[in-house]
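# Remarks on the overall topology
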Amino acid sequence: MQPLAPHRLIDALVVLIALTCGWSECHAQIPTRDEVEAAQNVVLPDDPAAIIAVVGQSPIYYGEVAPKVDARINEVLAKSKQQVPEDQLRFARINLTRGMLTQAIQNKMMRESFLLDQVGTQTADKRAEADATLAARARQMFFESELPQLKKQYKVTDIAELDALLREKGSSLASRQRDFTDAMLGHLYIRSKVEKDPTVSIADINQYYNDHLDDYRHPAEATWEQLTVLFSNFASREEAMKAISEMGREAYFGGNLQAVARAKSQEPFASSGGLHDWTAKGSLASDVLDQQIFSLPLNAMSEIIEDETGYHILRVLDRHEAGFSPLSGVQDEIRAKIREQKITDSQKNVMKDMQKRVQVWSLFPEDIEGAKPLPTSIGWRPHDSATNSNRF
């Protein structure tokens, strides 16, 4: 492969770094030289069986993350068909690893929290029994619902063939089953903790309405019919006046201004019968028409009105004065917004409580709030790097 040209190098790196958005510190931007150099001091395991995080009592192995990272990087490199400098490729690999590890930790935290709810302070044997029972149920659900969908997605009927295709994508059948189990138990935990239908009182609605009053302010608006002739379509203003006068008489005595507009009017809404839907005061290009529309009597054809573009005849159909939408008209909308916010707040509180209940040790503790460095007694550490010997 040829070295990557500067502009292509930037494109490839942006894609690689953007792939790490599962990591809370991710920003889709080109890394600085300091960031790239700092990444050189981070040593990732070679052994897929190396533990890179422990969540409660559940370890996370490097082999659960590395294949996905490799698959993402290989996909990008294949599309670019260029060679990315090794130091920048290493930077992307480390950040991808951090992002995927963060997501894996969060899933495990929800699973652990669910198990804690099920067994409380019971013995380790009871916990293991409950874990096995729940995993068996999740496994059954995986084979009943998720596996058929995967076969359909990859257009295969054989499980071994499906597993091979998944491995090409950096996954496997076992990995997908494990992820499914964690996600299902996490979902059950969130559902059990989050209030599904929080109460919204009238006082809540009134408070929200008053706090967001500007959101319910509306300008004066009107809807009207219009006939127009443009000066640019006539040799003289006299001819334009004759045309608009004839149109006005036909609409007045025939009683159908919209029919005349469709046949003869020269403004953009002519094909719709000259009918203008609700329009806010001050939004028209013509100040003359804007002033007339908001001062003419309703349901009466106007005299001929002249502005800088032509002659016009208007009939204002309805008009609303500026003001605020009444609370009675928006309270259902407000109730839905408050309810959604309460559910969101409840979810955030559940996540905070979960972080307090479940201890996390990680290769990258700074990425998870409250996490601790992975102890050297159980975690992976490089054996040949003095720089990293005191990392944990």
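Since this is a predicted model, take the numbers as computed values, not measurements.

### A word on the overall build of the protein
In terms of helices and strands, the protein carries twelve helices and ten strands. Looking at the 392 residues of the protein, the share that counts as buried comes to 41%. Sequence separation of at least 24 residues holds for 67% of the intrachain contacts in the protein that already meet a minimum separation of 6. Counting every atom, the protein has about 22,100 Å² of accessible surface; 50% of that belongs to carbon and sulfur.

### Quick notes on the packing of helix α3 (residues 66-80) against helix α4 (residues 86-119)
Orientation of α3 relative to α4, taken along the N-to-C sense of each, is 135°, at an axis distance of 9 Å. Considered as vectors, α3 and α4 are oriented oblique to each other. α4 is crossed by α3, and the crossing has right-handed handedness. On α4, the residues that touch Lys68, Val69, Asp70, Arg72, Ile73 and Leu77 of α3 are Leu89, Arg93, Leu96, Thr97 and Met100. Residue composition of the contact of α3 with α4, grouped by class: six nonpolar, one polar and four charged.

### Considering the sheet that holds strand β7 (residues 310-320)
Sheet architecture is open: four strands sit in the order β5-β4-β7-β6, paired in antiparallel fashion. The outermost strands of the open sheet, each flanked by one partner alone, are β5 (275-280) and β6 (305-306). The sheet contact formed by strand β4 (residues 221-230) and β7 spans ten bridges and is antiparallel. Considered in β7, the bridge of glutamate 221 is made with histidine 320.

### Points about the pattern of salt bridges
Under the counting rule described, the total for this entry stands at 15 salt bridges. Note that aspartate 204 and lysine 342 form a salt bridge whose closest N and O atoms lie 3.3 Å from each other. Taken together, the residues aspartate 204 in helix α8 (residues 202-211) and lysine 342 in helix α12 (residues 327-357) connect sequence positions 138 residues apart. Looking at lysine 342, the relative accessible area reads 30%, which means it is partly exposed. Arginine 237 serves as the salt-bridge partner of glutamate 306, at 2.5 Å between the closest nitrogen and oxygen.

### Considerations on the pairing of strand β2 (residues 58-61)
Residues of β2 alternate between two faces, with Ser58 and Ile60 buried on one and Pro59 and Tyr61 left unburied on the opposite face. In this sheet, β2 lies alongside strand β1 (residues 51-55) in antiparallel orientation, the contact comprising four bridges. By the bridge assignment for β2, valine 55 is matched with serine 58. In this structure, the hairpin formed by β1 and β2 is closed by a connection of two residues, where glycine 56 is found at a positive phi of approximately 65°.

### Let's talk about helix α7 (residues 173-193)
Here α7 contains 21 residues, and its C-alpha end-to-end distance of 30 Å stays within 8% of the 30 Å for a straight helix at 1.5 Å per residue. When α7 is considered as a whole, its buried residues turn out to be Leu173, Ser175, Gln177, Phe180, Thr181, Asp182, Met184, Leu185, Gly186, Tyr189 and Ile190.

### With respect to the side chain of threonine 181
With respect to the helices and strands, the residue threonine 181 is situated in helix α7. Owing to a relative accessible area of 6%, threonine 181 belongs among the buried residues under this scheme. In this view, threonine 181 contacts Arg111, Ala135 and Ala138; residues no more than four positions away in its chain are not counted.

### Looking at the environment of aspartate 179
By the element assignment, aspartate 179 lies in helix α7. Assessed through its relative accessible area of 29%, aspartate 179 is described here as partly exposed. The sequence separation of aspartate 179 and alanine 104 amounts to 75 residues, and the corresponding C-alpha distance is 8.4 Å.

### Some thoughts on unusual backbone geometry
With a phi close to 60°, lysine 155 is a non-glycine residue in the positive phi region. Residue lysine 155 is classed as exposed on the basis of its relative accessible area of 77%.

### A word on α4
Taking 1.5 Å of rise per residue, the 34 residues of α4 would be expected to cover 50 Å, and the 48 Å separating its terminal C-alpha atoms lies within 8% of that figure. The buried fraction of α4 amounts to 25 of the 34 residues, a majority that puts the element mostly inside the structure.

Basis of the calculations
- Residues numbered from 1 in each chain as written.
- Predicted model: local features only at pLDDT ≥ 70, side-chain atom pairs only at ≥ 80, totals over all residues.
- Heavy atoms only, no water.
- Helix = DSSP H or I, 4+ residues; strand = E, 2+ residues; numbered from the N terminus.
- Buried < 20%, exposed > 50% of the residue type's maximum accessible area, 1.4 Å probe, protein only.
- Contact = heavy atoms within 4.5 Å.
- Areas by Shrake-Rupley, 256 points an atom, 1.4 Å probe, with all protein chains shown as cover.
- Axes fitted to C-alpha atoms, helices over the stretch in contact; angles between N-to-C directions.
- Parallel < 35°, antiparallel > 145°, perpendicular 65-115°, else oblique.
- Left-handed = near helix turned anticlockwise from the far one by under 90°.
- Nonpolar A, V, L, I, M, F, W, Y, C, P; charged D, E, K, R; others polar.
- Pairing = 2+ DSSP bridges.
- Salt bridge = Lys/Arg side-chain N within 4 Å of Asp/Glu carboxyl O.
- Expected span 1.5 Å × (residues − 1).

In short, the description is geometric, and any link to function would need to be established separately.
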